[in-house]
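One-letter residues, chain by chain:
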Amino acid sequence: MKNSIGFLVVALAMFMFSCNTNTDEGIDIPEMSDELTLKSAEIAVAEVQAEAAVTECNYEVEFFANAEPILTRWWQMGKFFGWNSNLRYFENQCPDVTIEQSDDSGYPLTISLNYGDSTVLNNGKVLSGEIVMVISAPRNSQDYSRLVSFNDFSVDSMLISGTSEVVVDKLDSTFRKFESEMTFVYPDGTTVTRSAERVWQWLAGLETPEIQSDDVVIITGEVTGTIVWPDGTEETYSKTIATPLKRLAMCRYMVEGEVEVRVGGSTVSILDYGYNESGEDCDHYALLTTDAGDEVIDLSEKHYNGLAKQKMQQNQHQYSGENGNQNNNQNQNQNGNNNHNGNG
């Protein structure tokens, strides 16, 4: 699945991170400290989870906005949205849909999606809470847009708040532009506040709005964010989609594309979603490149436990060894307890 461009980007990143020297252009590329390497990897993993959650939100909004005409007719007839086999929800699970029309023209129109305590998708993700979208005008109007907000909404126990505005391209209806200001609170207390611009292009599935399983979407754009870890430390970062991300509707994670994370203006990690050893259409692995090297990460893991952390722990052991066996033993015991508690 990985293309030749992906190999070149990763190879270049490995060269950049492997030395402390000047390039032909005279740009100094310093080695990162172990702590910064670890934080860079953790930012990349946190962004994976945020990106996956936002994608689910955007996809829900797209589906119900595209189905708005038929949903409105059903609502006026007293019929209600319900589960069927063409949807991406687990059997007999789907949100409760309510529609509010403002005046005789019907716009602005508000669609509320209530997922209750738990609505399970076929890809395993669990949605809860409420998404509310306000549609400004009919689809063919030049004033058409959507404003989306989230009420006690979560994806897989990640709490999401904020707003997103969606604009449909007037010349090519396969394009959508998403601009969002959102905050994500992770189960361990980590908080990410991010501003994002996204452009989605449908390669397939847009002509069948009542069927979700056949959608193929390409995603480009940028993110700026601040991550605050449970201990109160924080880091500001930016993320760029270097190679467009590819989403298959029934997959839990992106199946193609590369993203670069930058801290302080320097690239600190590259994540390649195209890495796929299984050969299956949907997999949950990616290749992460940092100063610690290349490693395959499991996108479904909630905590990062890779080369950067191992390198940092090894250096801590070496440092403690210089101060005597007693400190070394204490560090070993502490690390052993952390591993036992799932924090290693």
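So, here is what we can say about the structure in this document. Being a predicted model, the structure only gives us computed values, none of them experimental.

**Some remarks on the state of the cysteines**
At step 1: Per the counting criterion, the structure on display carries one disulfide.
At step 2: Residue pairing for cysteine 251: its cysteine sulfur links by disulfide to cysteine 282, the two sulfurs lying 1.8 Å apart. One quick way to see it: the torsion about the S-S bond of cysteine 251 and cysteine 282 is about -75°, and its sign makes the bridge left-handed. Residue cysteine 251 is found in the loop between strand E12 (234–248) and strand E13 (256–263), and its partner cysteine 282 is found in the loop between strand E14 (266–272) and strand E15 (285–290); the two are separated by 31 residues along the sequence.
At step 3: With relative accessibility at 1%, the residue cysteine 251 sits in the buried group.
At step 4: Overall, the relative accessible area of 30% leaves cysteine 282 in the partly exposed class.

**What to know about the nonpolar core**
Burial of nonpolar side chains together is a common tendency in soluble globular proteins.
At step 1: The biggest cluster of nonpolar side chains holds 69 residues, and the ones touching the most others in it are Phe64, Met133, Phe153, Ile160 and Phe184.
At step 2: Ranked by residues supplied to this core, first place goes to helix H2 (residues 34–66) with 16 residues.

**What about the packing of aromatic side chains?**
At step 1: Tallied over the entire structure, the rule returns seven aromatic pairs.
At step 2: Ring geometry for phenylalanine 150 versus phenylalanine 153: centroids 5.7 Å apart, planes at 45°, classification tilted.
At step 3: Residue class for phenylalanine 150 comes out buried when judged on its relative accessible area of 8%.
At step 4: Through a chain of ring-to-ring contacts, the aromatic side chains of Phe63, Phe64 and Phe81 assemble into a single cluster.
At step 5: For the cation-ring pair, arginine 247 lies above tyrosine 59, with the distance from its terminal atom to the ring centre recorded as 5.0 Å.

**Notes on the pattern of salt bridges**
At step 1: As enumerated under the stated definition, the model contains 13 salt bridges in all.
At step 2: Arginine 247 serves as the salt-bridge partner of glutamate 56, at 3.6 Å between the closest nitrogen and oxygen. Pair noted here: glutamate 56 is in helix H2 and arginine 247 is in strand E12, with a separation of 191 residues, a long-range link.
At step 3: Exposure remark for glutamate 56: the relative accessible area of 1% places this residue in the buried category.
At step 4: For arginine 247, a relative accessible area of 2% corresponds to the buried category.
At step 5: In this structure, arginine 252 engages aspartate 156 in a salt bridge whose closest nitrogen and oxygen atoms are separated by 2.7 Å. With a gap of 96 residues between them, arginine 252 in the loop between E12 and E13 and aspartate 156 in the loop between strand E7 (146–155) and strand E8 (158–168) connect regions that are remote in the sequence.
At step 6: Sharing partners across several salt bridges, the network here consists of Glu47, Glu51, Arg194, Arg198 and Lys239.

**Quick look at the environment of glutamate 56**
At step 1: Residues glutamate 56 and valine 155 lie 99 residues apart in sequence; the distance between their C-alpha atoms is 8.2 Å.
At step 2: Every residue in contact with glutamate 56, bar those within four places of it in the chain, is listed here: Arg88, Leu121, Asn123, Lys125, Arg247 and Arg252.
At step 3: Separated by 2.5 Å, the side chains of glutamate 56 and arginine 88 make a polar contact.
At step 4: A distance of 3.1 Å separates polar atoms of two side chains, one belonging to glutamate 56 and the other to asparagine 123.

**Here we look at unusual backbone geometry**
Excluding glycine, most residues fall at negative phi; most peptide bonds, likewise, are trans.
At step 1: A cis amide bond links tyrosine 107 to the next residue, proline 108, at an omega of -5°.
At step 2: Positionally, proline 108 belongs in the loop between strand E3 (96–101) and strand E4 (109–114).
At step 3: Of note, the phi angle at aspartate 152 is positive, near 45°, even though the residue is not glycine.
At step 4: Relative to the assigned elements, aspartate 152 resides in strand E7.
At step 5: Residue serine 157 is not a glycine yet carries a positive backbone phi of 70°.
At step 6: Mapped onto the fold, serine 157 is located in the loop between E7 and E8.
At step 7: Its relative accessible area of 58% is what places serine 157 among the exposed residues.

About the thresholds
- Residues numbered from 1 in each chain as written.
- Predicted model: local features only at pLDDT ≥ 70, side-chain atom pairs only at ≥ 80, totals over all residues.
- Heavy atoms only, no water.
- Disulfide = S-S within 2.5 Å.
- Helix = DSSP H or I, 4+ residues; strand = E, 2+ residues; numbered from the N terminus.
- Buried < 20%, exposed > 50% of the residue type's maximum accessible area, 1.4 Å probe, protein only.
- Core = buried A, V, L, I, M, F, W, Y, C linked by side-chain atoms within 4.5 Å.
- Phe/Tyr/Trp six-rings, centres within 6.5 Å; stacked < 30°, edge-to-face > 60°.
- Lys NZ or Arg CZ within 6 Å of the ring centre and 35° of its normal.
- Salt bridge = Lys/Arg side-chain N within 4 Å of Asp/Glu carboxyl O.
- Contact = heavy atoms within 4.5 Å.
- Polar contact = N/O pair within 3.5 Å; in protein donor to acceptor, adjacent residues only side chain to side chain.

So yeah, pure geometry; function would need other evidence.
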